[in-house]
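# A look at the structure
The primary structure of each chain is shown beneath.
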Amino acid sequence: MHVHLSRAMARVLNDLEVTGAPIPRIEESDWQDYESAESAYLWSEDNSGMGVWVDTSVSDAEQVAMLADQVQEWAVEALAHGATDELASVS
């Protein structure tokens, strides 16, 4: 994985693990073509995905904050989808 994205992702994934949130499957991808961008896709267990990226021209702290915001969005969607699946199986 890209160096900057990898460092930021390690910090963010640690937070997910500690809270018991779902952990994505990560696939490196250059989908974001902004010159100073490093990007990847996050995949859920149901194979739904979301692109994330960091701007390598900003500080490490800003990269972590930027990525954390995107991963949080992914995690909320993954949790919501999981809750919907659980409700469907009860009905």
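Scroll up for the structure.
We now turn to the structure provided with this report.

The rules we used
- Residues numbered from 1 in each chain as written.
- Predicted model: local features only at pLDDT ≥ 70, side-chain atom pairs only at ≥ 80, totals over all residues.
- Heavy atoms only, no water.
- Core = buried A, V, L, I, M, F, W, Y, C linked by side-chain atoms within 4.5 Å.
- Buried < 20%, exposed > 50% of the residue type's maximum accessible area, 1.4 Å probe, protein only.
- Helix = DSSP H or I, 4+ residues; strand = E, 2+ residues; numbered from the N terminus.
- Contact = heavy atoms within 4.5 Å.
- Pairing = 2+ DSSP bridges.
- Axes fitted to C-alpha atoms, helices over the stretch in contact; angles between N-to-C directions.
- Polar contact = N/O pair within 3.5 Å; in protein donor to acceptor, adjacent residues only side chain to side chain.

Another aspect to go through is the nonpolar core. Of all hydrophobic cores here, the largest spans 18 residues; its most connected members are Met9, Leu16, Leu42, Val52, Leu67, Val71 and Trp74. Contributions of two or more residues to this core are made by helix H1 (3-19), strand E2 (37-43), strand E3 (49-55) and helix H2 (60-90). Setting aside chain neighbours within four positions, we find Leu67 in contact with Leu5, Ala8, Met9, Val12, Val52, Trp53 and Val54.

Spatial strand order, E1-E2-E3: three strands in an open sheet with antiparallel pairing. Only two strands of the sheet have a single neighbouring strand rather than two, namely strand E1 (25-28) and E3. On average, each strand axis in the sheet is inclined to that of its neighbour by 30 degrees, with strand direction left out of account. In this structure, E2 lies alongside E3, joined through seven bridges in antiparallel fashion. The residue bridging Glu38 from the neighbouring strand is Val54, located in E3.

In this section: the side chain of Ser36. In this structure, Ser36 sits in the loop between E1 and E2. Ser36 sits in the buried class, given a relative accessible area of 17%. Within polar-contact distance, the side chain of Ser36 engages the side chain of Asp55 at 2.7 Å. Filtering out sequence-adjacent residues up to four positions away, Ser36 remains in contact with Val54, Asp55, Thr56 and Ser57.

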